[in-house]
Amino acid sequence: MRAGRGRAVVGVVVGIGLLAVAGCAAGADVEIENRADADVSVRIGDDEQTEVSDDGGALLLDVTECYDAPVVVAYADGRVVELDDALCPGDLLRVTEDDVDLVRAADRADADA
């Protein structure tokens, strides 16, 4: 009877471990929020270009790795803001009329708690 109980405990522990690994393998979204009064163009790394309308947003779905710096935001009036930070799964890029803020996933999780 004890051997059966031990196997059941091992099975539960292995199952929880597999769920944890599966959770880590799945990506998280990267959110871009445009609070500026005009459309912006956002270039992330070398190959990801996104147009975001004024008072709109965009989601990069199921991101599993960080995008390398730079993150470049071009405003409709010609201004360009460049961030020298990587953009990682779960991060929020907030574009305002005057600035671009990078809110890390960990900071967002703390705010939601």
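In this text the structure is predicted, and so the values were computed from the model without any measurement.

A. Local environment of the state of the cysteines. The full count for this structure, using the stated rule, is 1 disulfide. Across the disulfide from Cys66 sits Cys88; the S-S distance is 1.9 Å. The disulfide joining Cys66 to Cys88 has a torsion of about 110° about its S-S bond and is therefore right-handed. Of this pair, Cys66 sits in the loop between strand S4 (57-63) and strand S5 (71-75) while Cys88 sits in the loop between strand S6 (80-83) and strand S7 (92-95), and the two are 22 residues apart along the sequence. We classify Cys66 as partly exposed; its relative accessible area is 39%. Among the residues examined, Cys88 registers a relative accessible area of 18% and is labelled buried.

B. Main features of the pairing of S7. Alignment of strand S1 (residues 28-34) against S7, held across 4 bridges, turns out to be parallel. Paired with Glu33 across the two strands is Arg94, which belongs to S7. Strand direction decides the pairing type here: S7 and strand S8 (residues 100-103), joined by 4 bridges, are antiparallel. Bridge assignment links Arg94 to a residue of S8, and that residue is Asp101. Linking S7 back to S8 in an antiparallel pair, the connection comprises 4 residues.

C. Highlighting the environment of Glu82. Here Glu82 shows up in strand S6. For the pair Glu82 and Pro70, spaced 12 residues apart in the sequence, the C-alpha separation amounts to 6.4 Å. Setting aside anything within four residues of it in sequence, one finds Glu82 in contact with Pro70, Val71 and Val72.

D. Summary view of the pattern of salt bridges. The full count for this structure, using the stated rule, is 6 salt bridges. Across the salt bridge formed by Arg79 and Asp77, the nearest N and O atoms sit 3.0 Å from each other. On the basis of relative accessible area, Arg79 is assigned to the partly exposed category, the value being 31%. In this structure Asp77 comes out as exposed when scored by relative accessible area, which is 55%. A salt bridge links Glu97 to Arg79, with the shortest nitrogen-to-oxygen separation between them at 3.7 Å. With Glu97 in the loop between S7 and S8 and Arg79 in the loop between S5 and S6, this pair connects stretches of sequence that are 18 residues apart. Overlapping salt bridges, with partners in common, bring together Glu33, Arg35 and Arg94 in one network.

E. View of the sheet that holds S1. Read across the open sheet, the 4 strands follow the order S4-S1-S7-S8; overall the sheet is mixed. Because the sheet does not close on itself, it has two edges, and the strands there are S4 and S8. The average undirected angle you get between the axes of adjacent strands in this sheet is 10°.

Each value, and the rule that gives it
- Residues numbered from 1 in each chain as written.
- Predicted model: local features only at pLDDT ≥ 70, side-chain atom pairs only at ≥ 80, totals over all residues.
- Heavy atoms only, no water.
- Disulfide = S-S within 2.5 Å.
- Helix = DSSP H or I, 4+ residues; strand = E, 2+ residues; numbered from the N terminus.
- Buried < 20%, exposed > 50% of the residue type's maximum accessible area, 1.4 Å probe, protein only.
- Pairing = 2+ DSSP bridges.
- Contact = heavy atoms within 4.5 Å.
- Salt bridge = Lys/Arg side-chain N within 4 Å of Asp/Glu carboxyl O.
- Axes fitted to C-alpha atoms, helices over the stretch in contact; angles between N-to-C directions.

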